Amino acid sequence: MLFDIITIFPHFFDSCLKDGVVQRAIEADILKVRAFNLRDFTVDRHRTTDDRPFGGGEGMVMKPEPIYKALNVLKEESPEARVILMSPRGRLFDQALAGELAQFQRLILICGRYEGVDERIREHCVDLELSVGNYVLSGGEIAALVVIDAVSRLIGGVLGGESSAEKDSFSDGLLEFPQYTRPRVFNDWEVPELLLSGDHAKIAKWRREQSLGLTYEKRPELLDSAQLNKKDIEYLRSLGWRKD
Ligand code: 9D3
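Summary of the structure given here. Predicted model, so just to flag it, every value in this text is computed and none were measured.

1. What to know about the site of the ligand
- Of all residues adjacent to the ligand, which total 15 residues, the nearest are S87, V132, G133, Y135 and L137.
- S131 is positioned with one of its side-chain polar atoms (N or O) 3.4 Å from a nitrogen atom of the ligand.
- V132 places a polar main-chain atom, nitrogen or oxygen, 3.0 Å from a nitrogen atom of the ligand.
- For the shell around the ligand, the secondary structure elements donating two or more residues are strand 5 (82-92) and strand 7 (128-131).
- Here the element with the most residues in the shell around the ligand is strand 5; it accounts for three residues.
- Taken together, the residues that form the shell around the ligand break down as nine nonpolar, five polar and one charged.

2. Notes on helix 7 (residues 200-218)
- With 19 residues, helix 7 extends 26 Å from end C-alpha to end C-alpha; this agrees with the ideal 27 Å at 1.5 Å per step.
- Listed as buried for helix 7 are I203, W206, S211, L212, G213, L214 and T215.
- Where helix 7 is buried, its residues contact helix 8 (230-239).

3. With respect to unusual backbone geometry
- At the junction of R182 and P183, the peptide bond is cis and its omega measures out at 5 degrees in the coordinates.
- With respect to the helices and strands, P183 occurs in the loop between helix 6 (164-167) and strand 8 (185-186).
- Non-glycine residue Y114 carries a positive phi angle of around 55 degrees.
- Structurally, the position occupied by Y114 is in the loop between strand 6 (106-111) and helix 4 (119-125).
- Residue class for Y114 comes out partly exposed when judged on its relative accessible area of 38%.
- We note that D188 has phi near 75 degrees; this positive angle belongs to a residue other than glycine.
- As for its position among the elements, D188 is in the loop between strand 8 and strand 9 (189-190).

4. Points about the packing of helix 7 against helix 8
- Where helix 7 contacts helix 8, the two axes come as close as 10 Å, and the packing angle between them is 50 degrees. By the criterion of interaxial angle, the relationship of helix 7 to helix 8 is oblique. Both helix 7 and helix 8 take part in a crossing whose hand is right-handed. Every residue of helix 8 that contacts helix 7 at R208, E209, L212, G213 and Y216 is listed here: D232, Y235, L236 and L239.
- Its residues placed into classes, the contact of helix 7 with helix 8 shows five nonpolar, one polar and three charged.

About the criteria used
- Residues numbered from 1 in each chain as written.
- Predicted model: local features only at pLDDT ≥ 70, side-chain atom pairs only at ≥ 80, totals over all residues.
- Heavy atoms only, no water.
- Near = heavy atom within 4 Å.
- Polar contact = N/O pair within 3.5 Å; in protein donor to acceptor, adjacent residues only side chain to side chain.
- Helix = DSSP H or I, 4+ residues; strand = E, 2+ residues; numbered from the N terminus.
- Nonpolar A, V, L, I, M, F, W, Y, C, P; charged D, E, K, R; others polar.
- Expected span 1.5 Å × (residues − 1).
- Buried < 20%, exposed > 50% of the residue type's maximum accessible area, 1.4 Å probe, protein only.
- Contact = heavy atoms within 4.5 Å.
- Axes fitted to C-alpha atoms, helices over the stretch in contact; angles between N-to-C directions.
- Parallel < 35°, antiparallel > 145°, perpendicular 65-115°, else oblique.
- Left-handed = near helix turned anticlockwise from the far one by under 90°.

No statement about biological role is implied by the geometric values presented.
Below, the structure written as structure tokens:
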């Protein structure tokens, strides 16, 4: 899978992609991330990427021509690439959308700065506008990294083991059960005895109930769309859960 990023801060991505699961995928040629400097697609002497808003007001707006030119160059290489504009008014990014995006071979992510990108780019060149949450960032770069990280781990071969991604939090719509490791006692704080019992059926039941209980306690709205069996529902009812 290939991510092409259009940004005025291409080096912003260097350190974030040089470690961990994402870097291993890049080394294995499963994943490629290229950050293009928007300034390289300007033609004026000052390499201008932004200008004052028509109609007046605070701040600056990203000019359309450099972004348009960058998109044309990248699209010529891969006409099938989907174009995503990182924007606070976009569709809210979640695990389901990450799964949808992982189906594509090539994604182009446009990162805005200042007050945003000239509206004509969104209107004529963008397939999807995407936000990573209801808070104000100073630009699309960090949001793009969120998308790259979440999508990359869903493409085949990125994670080791038998598809850890599918067992993760949110894959069945529940929060993850608590994890413990050695030492068994730390500062007088003990690991739940049952986890040391070697009784795998009992452990699996405990973990499922922990997931259900934590989800009910912390994120009850997730239960509305979680994949629950009869036993799950019975357990949740015993905790006081009522479907409304
Ligand atoms: C004073 C700025 N704005 C009024 C609140 C509008 C605004 C413009 C540009 C707010 C943020 C930004 C920069 N943000 C992004 O480019 C961005 C973003 C975000 O801020 N939150 C969540 N997801 C995203 S994706 C891109």
